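# Commentary on secondary and tertiary structure
What follows is the residue order along each chain.
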Amino acid sequence: RAGLAGADGPTHHGLFDIAYFRCIPNIVVSAPMNEVELRDLMFTASNYSDQAFAIRYPRGSAVGLPLPKDFKTMEIGKGECLREGDDVAILSYGTIGKYAIQAADSLAEEGINVGHYNMRFVKPLDTELIDQITHKYTHIITIEDGTRHGGFGSAVAEYTSEKDIRPKFSILGVPDQIIEHGTQEELHKETGLDADGIISAVKKAIGVEAAL
């Protein structure tokens, strides 16, 4: 039940694990975007003995992807580019990335092309991919179903802060407050993590929000 747990109420949200796992040495910290990646991460972890291996997954059902017959070993600490864009790159961590896909599709219909990267790992970070992103895009938006403080976005910001090239940066996550009862969809909307929230963040980043 990682992330906003929805109708279980304010005491059951799993919002702080990314932040506290990042502080622990000798651990891999991962989050699949869908059920296929969850299977492959579990398979990878079962054959990995160098460190502890944490896999994050939320309450709820799968997205409905067909399941391959075989499992695939995933490269530790490597994300993937799902979509190339122009000025803004969205870096998603975990299943919350489904909203980034929806937002990117909607923005494309308005002629706004954003990049989308499924990062998969917060520890170790895919710094090689982040370097490519910082050289290509002028704005980075991270999104996670966890607290903004100390989480995935913080990890990316900490890394890029030491670089000569530093795009403008926005972190989308759960704010520093108690989140009350509601469905997951309602709470994602309330905290700005749904597709509409991402669209607003992108338009604000490129300065066209007021004109649209």
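The structure displayed is predicted, hence computed values, not measured ones.

Definitions and limits used
Residues numbered from 1 in each chain as written. Predicted model: local features only at pLDDT ≥ 70, side-chain atom pairs only at ≥ 80, totals over all residues. Heavy atoms only, no water. Helix = DSSP H or I, 4+ residues; strand = E, 2+ residues; numbered from the N terminus. Salt bridge = Lys/Arg side-chain N within 4 Å of Asp/Glu carboxyl O. Buried < 20%, exposed > 50% of the residue type's maximum accessible area, 1.4 Å probe, protein only.

### A closer look at unusual backbone geometry
Across the chain, the bulk of peptide bonds are trans and the bulk of non-glycine residues have phi less than zero. A cis amide bond links Lys 123 to the next residue, Pro 124, at an omega of 0°. Following the sequence through the fold, Pro 124 ends up in the loop between strand E6 (121–123) and helix H4 (127–136). Non-glycine residue Asn 26 carries a positive phi angle of around 55°. You can see Asn 26 is positioned in the loop between helix H1 (17–22) and strand E1 (27–30). Positive phi is not limited to glycine here, since Arg 120 has a value of about 70°. Relative to the elements of secondary structure, Arg 120 occurs in the loop between strand E5 (115–118) and E6.

### Considering the pattern of salt bridges
Enumeration according to the criterion identifies 11 salt bridges in this entry. Residue Asp 17 is joined to Arg 56 by a salt bridge in which the shortest nitrogen-to-oxygen separation is 2.6 Å. One end of the pair, Asp 17, is in helix H1; the other, Arg 56, is in the loop between strand E2 (52–55) and strand E3 (80–83), with 39 residues separating them in the sequence. What makes Asp 17 buried here is its relative accessible area of 13%. Classification of Arg 56 by relative accessible area gives buried; the value is 10%.

Coordinates in, geometry out; function isn't part of it.
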